[in-house]
Amino acid sequence: MRVVLLNGSRMNSRETAHETLRRRFGFPDYYGKNLDALYDLLSCEDRLTLILLFNTYQLNQLQDNYGKALIQTISEAAAFNHRLRLVTIRKMPLRFRQKQRDVDKQ
């Protein structure tokens, strides 16, 4: 099983959110960096994938409710694709912060 760690506090704009998603999921260069493209790629994911989305409270602060729409899109893709599991966590536990810093360096 592949585990994808996403830190909502690092996705502070639409552009950084989609760039983070592209890197973490390994999306191809043609990824359109919008919610429709995100749904399309996630709904076709063929690997068993656990998505851990931390700091959703900060992601929800994006303008125009984009953070909420982003979480909803991932949630809908996970509901459609039985190989995806989404776990949202309002705030990142302290013990995971160092691991996240190590992942962010990659």
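Above: the structure in question.
In this report, we go over the structure that sits alongside the text. In this text the structure is predicted, and so the values were computed from the model without any measurement.

## Quick notes on the sheet that holds strand β1 (residues 2–7)
Strands sit in the order β1-β2-β3 across an open sheet of three strands; the sheet is parallel. At either margin of the open sheet sits one strand with a lone partner, and together these are β1 and β3 (84–89). Taken over all neighbouring pairs, the strand axes of this sheet differ in orientation by 15° on average, direction set aside.

## Here's the deal with the pattern of salt bridges
Oppositely charged side chains can pair when the atoms bearing their charge come close. Applying the stated rule across the entire model yields five salt bridges. Between R14 and D64 there is a salt bridge whose closest N-O contact spans 3.9 Å. Taken as a pair, R14 in helix α1 (residues 14–25) and D64 in the loop between α3 (56–59) and α4 (66–80) lie far apart in primary sequence, 50 residues in all. The partner of R47 in a salt bridge is E45, and the shortest N-O contact between them spans 3.1 Å. On the basis of relative accessible area, R47 is assigned to the partly exposed category, the value being 42%. Through salt bridges with shared partners, one network takes in R2, E45 and R47.

## Quick word on the nonpolar core
Ranked by size, the top nonpolar core spans 23 residues in total, and within it L6, L21, F25, L38, L42 and L70 carry the most contacts. Mapped onto this core, the elements with two or more residues apiece are β1, α1, α2 (35–43), β2 (49–54) and α4. Ranked by residues supplied to this core, first place goes to α4 with six residues.

## Re the packing of α1 against α4
Contact geometry for α1 and α4: axes closest at 11 Å, N-to-C directions at 25°. As far as their axial angle goes, α4 and α1 are roughly parallel. Relative to α4, α1 is oriented so that their crossing is right-handed. Packed against α1, whose contacting residues are R14, A17, H18 and L21, the element α4 presents Y66, L70 and I74 at the interface. Residue composition of the contact of α1 with α4, grouped by class: five nonpolar, one polar and one charged.

The rules behind each value
Residues numbered from 1 in each chain as written. Predicted model: local features only at pLDDT ≥ 70, side-chain atom pairs only at ≥ 80, totals over all residues. Heavy atoms only, no water. Pairing = 2+ DSSP bridges. Helix = DSSP H or I, 4+ residues; strand = E, 2+ residues; numbered from the N terminus. Axes fitted to C-alpha atoms, helices over the stretch in contact; angles between N-to-C directions. Salt bridge = Lys/Arg side-chain N within 4 Å of Asp/Glu carboxyl O. Buried < 20%, exposed > 50% of the residue type's maximum accessible area, 1.4 Å probe, protein only. Core = buried A, V, L, I, M, F, W, Y, C linked by side-chain atoms within 4.5 Å. Parallel < 35°, antiparallel > 145°, perpendicular 65-115°, else oblique. Left-handed = near helix turned anticlockwise from the far one by under 90°. Contact = heavy atoms within 4.5 Å. Nonpolar A, V, L, I, M, F, W, Y, C, P; charged D, E, K, R; others polar.

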